Amino acid sequence: DTAVSQTPKYLVTQMGNDKSIKCEQNLGHDTMYWYKQDSKKFLKIMFSYNNKELIINETVPNRFSPKSPDKAHLNLHINSLELGDSAVYFCASSPRTGGDTGELFFGEGSRLTVL
Amino acid sequence: GQSLEQPSEVTAVEGAIVQINCTYQTSGFYGLSWYQQHDGGAPTFLSYNALDGLEETGRFSSFLSRSDSYGYLLLQELQMKDSASYFCAVKENTGFQKLVFGTGTRLLVSP
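Because the structure is predicted, anything quoted here is derived from the model rather than measured.

Engineer: Could you give an account of the overall build of chain A, with specific residues and numbers?
Structural biologist: Secondary structure summary: chain A contains zero helices and eleven strands in total. Counting from the amino terminus, chain A carries its helices and strands in the arrangement β-β-β-β-β-β-β-β-β-β-β. Taking 13 Å as the expected radius of gyration for a compact globule of 115 residues, we find that chain A reaches 13 Å, a close match to that expectation. Here the C-alpha coordinates of chain A stretch approximately 40 × 30 × 30 Å along the principal axes. Classification of the 115 residues of chain A by burial places 44% in the buried group. Sequence separation of at least 24 residues holds for 54% of the intrachain contacts in chain A that already meet a minimum separation of 6. Of the roughly 5,600 Å² of accessible surface on chain A, 48% is carried by carbon and sulfur atoms. Placing the 13 positive and 13 negative side-chain charges of chain A at their respective mean positions leaves the two points 5 Å apart.

Right, here's the structure in full:
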């Protein structure tokens, strides 16, 4: 069973389109995250939710809107896609916030290519 | 703000020992994690240090010195499958588990 699963794995689209990436975790974790990894492999946190509540919102264009319908799911919707949005988007989860561990469980990533 | 520095690339041969250093500047430091990522794969957790000293997990060990804002990952008995990118990540003390990742070190292991 996949612990953190994301769909789609690959996404190719045109500039200006709107797209969504979905994430689900079956680990029973309270906290979920979106990270963006650019072509230089730099991993940058975008958002985090704890039990459906937004707790981390980094400086991200408001074209990006996360949604967490329940604590097992975290989706990412991106409006008006731009070339610079091309990246791999990773979903991750952790047991609870403020826990005494630095372990995140990552999904396999969603590679977004904007043409 | 935060910054984490790692060497961009390290090369070694099978069976050798390699050390990947990480220096950081951050407010509210809580701990230092290490992750491994193979090309096309997801980052996977290796180790975490909240206190000074060495943590050993099989062939991998991780060290932290809070006073020096410095840590390292030590990989022993290198194998070809260890070729990957390695990231240090600072856990910030914000009340929530926010991990800020370094730029990554690409390790190339040759026969």
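Once you've had a look at it, read on.
Engineer: Lay out the pairing of strand E7 (residues 60-65) of chain B in plain terms, naming residues and giving numbers.
Structural biologist: Residues and elements named next belong to chain B. Taking burial as the measure, the six residues of E7 include five buried ones, the bulk of the element. In this structure, strand E6 (residues 53-57) lies alongside E7, joined through five bridges in antiparallel fashion. Within E7, the position partnered with Thr57 by the bridge is Phe60. Counting the residues in the hairpin turn of E6 and E7 gives two residues, including Gly58, whose phi is positive at 65°.

Engineer: An account of the pairing of strand E6 (residues 53-57) of chain A is needed here, citing residue identities and associated values.
Structural biologist: All names here are of chain A. Strand direction decides the pairing type here: strand E5 (residues 43-50) and E6, joined by four bridges, are antiparallel. Looking across to E6, one finds that Asn50 is bridged to Glu53. Remark: two residues form the turn of the hairpin made by E5 and E6, two consecutive strands paired antiparallel; Asn51 in that turn has positive phi of roughly 50°.

Engineer: Outline the state of the cysteines, supporting the account with residue identities and numerical values.
Structural biologist: By definition, a disulfide links two cysteine residues through a covalent bond between their sulfur atoms. Scanning the model with the defined rule gives two disulfides over all chains in all. In this model Cys23 of chain A forms its disulfide with Cys91 of chain A; the gap between the sulfur atoms is 1.9 Å. For the disulfide bridge between Cys23 of chain A and Cys91 of chain A, the dihedral angle about the S-S bond is near -80°, and by the sign convention the bridge is left-handed. Residue Cys23 of chain A is located in strand E3 (residues 19-25), and its partner Cys91 of chain A is located in strand E9 (residues 87-94); the two are separated by 68 residues in the primary sequence. Each member of the pair, Cys23 of chain A together with Cys91 of chain A, is buried. The disulfide that involves Cys22 of chain B links it to Cys88 of chain B, with 2.1 Å between the sulfurs. Disulfide Cys22 of chain B-Cys88 of chain B: the torsion about the S-S bond is 70°, which places it as right-handed. One end of the pair, Cys22 of chain B, is in strand E3 (residues 18-25); the other, Cys88 of chain B, is in strand E9 (residues 84-93), with 66 residues separating them in the sequence. Relative accessible area serves as the criterion here: at 0%, Cys88 of chain B is assigned to the buried category.

Each value, and the rule that gives it
Within any chain, residue numbers begin from 1 and follow the written order of that chain's sequence. To read the labels, note that chains go from A and ligands from 1, taken in the order they are written. Under the rules for a predicted model, residues below a pLDDT of 70 receive no local features and side-chain atom pairs below 80 are neither given nor counted, while totals for whole chains, interfaces and linings still include all residues. For the side-chain quantities, the full set of heavy atoms in the structure was used; hydrogens and water were omitted. The way it works is that DSSP assigns letters per residue, a run of H or I at least four long becomes a helix, a run of E at least two long becomes a strand, and they are numbered from the N terminus. Only C-alpha atoms enter the radius of gyration; for comparison, a globular chain is expected to reach 2.2 Å times N to the power 0.38, where N is the number of residues. For every residue, the accessible area obtained with a 1.4 Å probe (protein chains only) is divided by the maximum for its type, and the residue is called buried under 20%, exposed over 50%, and partly exposed between those limits. By the convention used here, residues are in contact when the closest approach between their heavy atoms is within 4.5 Å. Here the accessible surface of atoms and residues is derived via Shrake-Rupley with a 1.4 Å probe, and residues count as covered only by protein chains that are part of the display. Note that His is not counted, nor are the chain ends; the positive residues are Lys and Arg, and the negative ones are Asp and Glu. Every charge is mapped to an atom, namely NZ of Lys, CZ of Arg, CG of Asp or CD of Glu. At least two DSSP bridges between two strands are needed for those strands to be called paired. Sulfur atoms of two cysteines make up a disulfide when they are within 2.5 Å.

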